[in-house]
Amino acid sequence: GNTRYPLDQTRDNEIMIGFHQTSHTAAYSIAQTGFRHSRDGWIGPGTYFATSLNHTEFKANQFGAYICAIVDLGKTKRINHPSEVLKMDQKLNVV
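Definitions and limits used
Residues numbered from 1 in each chain as written. Predicted model: local features only at pLDDT ≥ 70, side-chain atom pairs only at ≥ 80, totals over all residues. Heavy atoms only, no water. Helix = DSSP H or I, 4+ residues; strand = E, 2+ residues; numbered from the N terminus. Buried < 20%, exposed > 50% of the residue type's maximum accessible area, 1.4 Å probe, protein only. Contact = heavy atoms within 4.5 Å. Patch = residues over 30% accessible without salt bridge, like charges linked within 9 Å, V, L, I, M, F, W, Y side chains within 5 Å. Areas by Shrake-Rupley, 256 points an atom, 1.4 Å probe, with all protein chains shown as cover. Salt bridge = Lys/Arg side-chain N within 4 Å of Asp/Glu carboxyl O. Phe/Tyr/Trp six-rings, centres within 6.5 Å; stacked < 30°, edge-to-face > 60°. pLDDT = per-residue confidence, 0-100. Pairing = 2+ DSSP bridges.

1. Details of the overall build of the protein chain
- When helices and strands are counted, the protein chain shows two helices and two strands.
- Scanning the protein chain from its N terminus toward the C terminus, one meets helices and strands in the order β-α-α-β.
- Among the 95 residues that make up the protein chain, the fraction classed as buried is 32%.
- Taking all contacts inside the protein chain whose residues are at least 6 apart in sequence as the whole, residues at least 24 apart take part in 63%.

So this is what it looks like as C-alpha cells:
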C-alpha cells in the first residue's frame, strides 16, 4: 500500500524513501555507477520513484529487482494524467 506517504500529504523538500523497480542487470549497473536520467518516461526525462513497492508494479518499464533510495523531493506537484504536465509553467524536481 501507500500508507507511509499518502498522496495528499507529500510536501515540497520532503526527504522520503523511494522505490524503483528495474531489471537485475540495470540494478547492478545502478549500484556501480548511480542513477542516470531516462530519456523518456510517463512525463518526460528523469529518474522515477514510487512511494511504495506495490506502486512500482505499474510504473516500471523493467522488472525483477527493487532499489530503495533516500529521495529529496524538491519542489513537487501531484498529477493524475500526463496531459496535466502541458498545463504547468513551473520548474519542478518531482511530479
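2. So, a nonpolar patch on the surface
- A grouping of Ile15, Ile17 and Ile70 is seen on the molecular surface, where their side chains present a nonpolar patch of about 290 Å² in accessible area.
- With respect to the helices and strands, Ile70 occurs in strand 2 (residues 65–72).
- When its relative accessible area of 68% is taken as the criterion, Ile70 is described as exposed.

3. Brief notes about the packing of aromatic side chains
- Here the structure, examined in full by the defined rule, presents one aromatic pair.
- Geometrically, the ring pair formed by Phe35 and Phe49 is edge-to-face, given 5.2 Å between the ring centres and 70° between the ring planes. In this pair, Phe35 is assigned in the loop between helix 1 (24–33) and helix 2 (53–59) and Phe49 in the loop between helix 1 and helix 2, connecting sequence segments 14 residues apart.
- With a relative accessible area of 32%, Phe35 lands in the partly exposed category.
- For Phe49, a relative accessible area of 27% gives the class partly exposed.

4. A short note on the confidence of the model for the protein chain
- Of all residues in the protein chain, 74% have pLDDT values of 70 or greater, and the mean over the chain is 78.
- The weakest mean pLDDT in the protein chain belongs to helix 2 at 79; the strongest belongs to helix 1 at 94.

5. Notes on the environment of Ser38
- Structurally, Ser38 can be placed in the loop between helix 1 and helix 2.
- For the pair formed by Ser38 and Tyr48, sequence separation is ten residues and the distance between their alpha carbons is 8.6 Å.

6. Let's talk about the pairing of strand 1 (residues 15–22)
- Of all eight residues making up strand 1, six are buried, and the element is well covered by its neighbours.
- Across eight bridges, strand 1 lies against strand 2 in antiparallel orientation. Considered in strand 2, the bridge of Gly18 is made with Ala69.

7. Description of the environment of Thr25
- Structurally, Thr25 can be placed in helix 1.
- Residue classification places Thr25 among the exposed positions, given a relative accessible area of 64%.
- Taking C-alpha positions, Thr25 is 9.3 Å from Gly64, a pair spaced 39 residues apart along the chain.

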